[in-house]
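Spelled out from the first residue to the last, the chains are:
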2 protein chains.
Amino acid sequence: MARNPERRTALLDAAIEVLADEGARGLTFRAVDARAGVPTGTSSNYFSDRDQLLSQAADRIFVRLAPEPGALDAALPPTSGRELVVELMRRLARRMTAERTCYLGLFELRLEAARRPELQKRFTEVLRTDLGLNIRLHLDSGMPGDADTVRLLYVALTGLLLDHFTVPGLHGDRDLDDLIETVVTRIVPEA
Amino acid sequence: MARNPERRTALLDAAIEVLADEGARGLTFRAVDARAGVPTGTSSNYFSDRDQLLSQAADRIFVRLAPEPGALDAALPPTSGRELVVELMRRLARRMTAERTCYLGLFELRLEAARRPELQKRFTEVLRTDLGLNIRLHLDSGMPGDADTVRLLYVALTGLLLDHFTVPGLHGDRDLDDLIETVVTRIVPEA
């Protein structure tokens, strides 16, 4: 296996672009090499098989979608309660929108996970950990609501982002910020 | 173009199976012929090109996922308000789960719609009409809540079903019926 970490990361980022553009089925070593602009055969020196390429692409997506350290705390408006939840959810949605390719790649891999038990196991672990962390942060910071409040916000945001990326006109002139405010107002109890 | 309607429907059902198993990228005339067990070249007599195959497969998915006439009214328990909404949402989710292949095919096509403006336009129309109909039925039948209540139920159910099909262990021992009850209780106001 080749060991150049920058090259590996560049190949994984190319793999994410292939996922978003072609779907999981289009993710081949040859397609990754072409997208990364490297000689055919390069990827196969970095990944032992397609399963490994898929699972490392998934890991790379989670790294890219994770908030930058301190990003959520930075320059928060002096609000609390529901208003703070609206602001945090909007920031999260903006991040996902900025990383459109990554987020579409994540959806593609989730559908692939429906067909591949190993990938499903990995996704379940990562997403459970992430949801659990969000629940703990919400409760620890004293924001209103309980664990199911956060679970519902997570589920609703997944649905909203899927609509936003695949059928953006579905909710008419309601933009994502507006829809997020509605979701939070309806799901999060008053402080 | 060949005109046998049963044969066309059988080819579209085979196309939906290919979509669910292989993703949109795997949907070729050859794959559909193989899945349907018909001679290679058959599909290309029924569909002028791949775009037409995709859009007719989408239409067929919506037909299969639509409730049977009267199904939603049949044998409803003598409840009203929130409890009735819970029951209707659970029936809808059971229908989607029974039509797992169709629903996974729909997700695959939604991701394909992110790449294909024509398909996106068609999906936006169909889903908007469907959501609008759900809002009207909810309001006309006097169930509690307003248009945004129904919009949120729709968004949350999309997120829940995506989790259920792709990472069923994400919500631990909370099954779909339980999660739906939680969603409805939090989103639908008391009557």
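Our subject is the structure that appears above.
What you are looking at is a predicted structure, and each value in this text was computed from that prediction instead of being measured.

Chemist: How do you make sense of the overall build of chain A when you look at a structure like this?
Modeler: For chain A, the count of helices and strands is nine helices and zero strands. Going residue by residue from the N terminus, the α and β elements of chain A occur as α-α-α-α-α-α-α-α-α. Counting only C-alpha atoms, chain A reaches 55 × 35 × 35 Å along its principal axes. The contacts of chain A with a sequence gap of at least 6 include a subset with a gap of at least 24, amounting to 65%.

Chemist: Looking at this structure, how should I read the packing of helix α8 (residues 147-166) of chain A against helix α9 (residues 176-187) of chain A?
Modeler: Helix-helix packing: each pair is described by the crossing angle between the helix axes and the interaxial distance. Residues and elements named next belong to chain A. Two elements in contact, α8 and α9, have axes whose closest approach is 10 Å; the angle formed by their N-to-C orientations is 155 degrees. Classed by the angle they form, the pair α8 and α9 counts as roughly antiparallel. Note on packing geometry: the crossing formed by α8 with α9 is right-handed. Of the residues in α9, those in contact with T149, L152, L153, A156, L157, L160, L161 and H164 of α8 are L176, L179, I180, V183, V184 and I187. In terms of residue class, the contact of α8 with α9 is made up of 12 nonpolar, two polar and no charged.

Chemist: Could you clarify how one ought to interpret the nonpolar core in this entry?
Modeler: Note that soluble globular proteins tend to have their nonpolar side chains buried in a common cluster. Within the largest apolar cluster, 128 residues are counted, with the highest numbers of intra-cluster contacts made by A:F123 and B:F123. Non-local contacts of A:F123, meaning those with residues more than four positions away in its chain, are made with A:A58, A:F62, A:L106, A:L109, A:R110 and B:V167.

Chemist: Looking at this model, I keep getting lost on the relation of the copies chain B and chain A. Mind explaining?
Modeler: Related by rotation about an axis and a shift along that axis, the two copies of the chain form a pair. Least-squares fitting of chain B to chain A yields an RMSD of 0.0 Å, with the transformation described by 0.0 Å of translation along the axis and a rotation of 180 degrees. What the rotation and shift describe, once combined, is the action of a two-fold rotation axis.

Chemist: Could you clarify how one ought to interpret the interface of chain B and chain A in this entry?
Modeler: Buried accessible area, meaning the area lost when the parts come together, often serves as the stated size of an interface. Each partner contributes residues to the interface: chain B has 49 residues there, and chain A has 49 residues. Carbon and sulfur atoms supply 59% of the area that chain B and chain A bury against each other, a total of about 4,200 Å² over both sides. Seen at the junction of chain B and chain A, the total is 10 salt bridges. Measuring nitrogen to oxygen at the nearest pair gives 3.0 Å for the salt bridge that ties B:D146 to A:R186.

Chemist: Please explain the packing of aromatic side chains as it appears in this structure.
Modeler: For any pair of aromatic rings, geometry is given as the distance between the ring centres together with the angle between the planes. Residue and element names in this part refer to chain A. Counting across every chain of the model gives eight aromatic pairs over all chains. Pairing Y46 with F47 gives two aromatic rings, centres 6.5 Å apart and planes at 45 degrees, and the pair type is tilted. Residue Y46 shares its accessibility class with F47, and that shared class is buried. Look at F62 and F123: their rings are 5.5 Å apart centre to centre, the planes differ by 65 degrees, and that puts the pair in the edge-to-face class. Of this pair, F62 sits in helix α4 (residues 50-65) while F123 sits in helix α7 (residues 117-140), placing them 61 residues apart in sequence. F123 carries the same exposure label as F62, and that label is buried.

What counts, and where the lines are drawn
- Residues numbered from 1 in each chain as written.
- Chains lettered and ligands numbered in written order.
- Predicted model: local features only at pLDDT ≥ 70, side-chain atom pairs only at ≥ 80, totals over all residues.
- Heavy atoms only, no water.
- Helix = DSSP H or I, 4+ residues; strand = E, 2+ residues; numbered from the N terminus.
- Contact = heavy atoms within 4.5 Å.
- Axes fitted to C-alpha atoms, helices over the stretch in contact; angles between N-to-C directions.
- Parallel < 35°, antiparallel > 145°, perpendicular 65-115°, else oblique.
- Left-handed = near helix turned anticlockwise from the far one by under 90°.
- Nonpolar A, V, L, I, M, F, W, Y, C, P; charged D, E, K, R; others polar.
- Core = buried A, V, L, I, M, F, W, Y, C linked by side-chain atoms within 4.5 Å.
- Buried < 20%, exposed > 50% of the residue type's maximum accessible area, 1.4 Å probe, protein only.
- Least-squares fit on C-alpha atoms with pLDDT ≥ 70 in both.
- Buried area = accessible area lost by both parts, 1.4 Å probe.
- Salt bridge = Lys/Arg side-chain N within 4 Å of Asp/Glu carboxyl O.
- Phe/Tyr/Trp six-rings, centres within 6.5 Å; stacked < 30°, edge-to-face > 60°.

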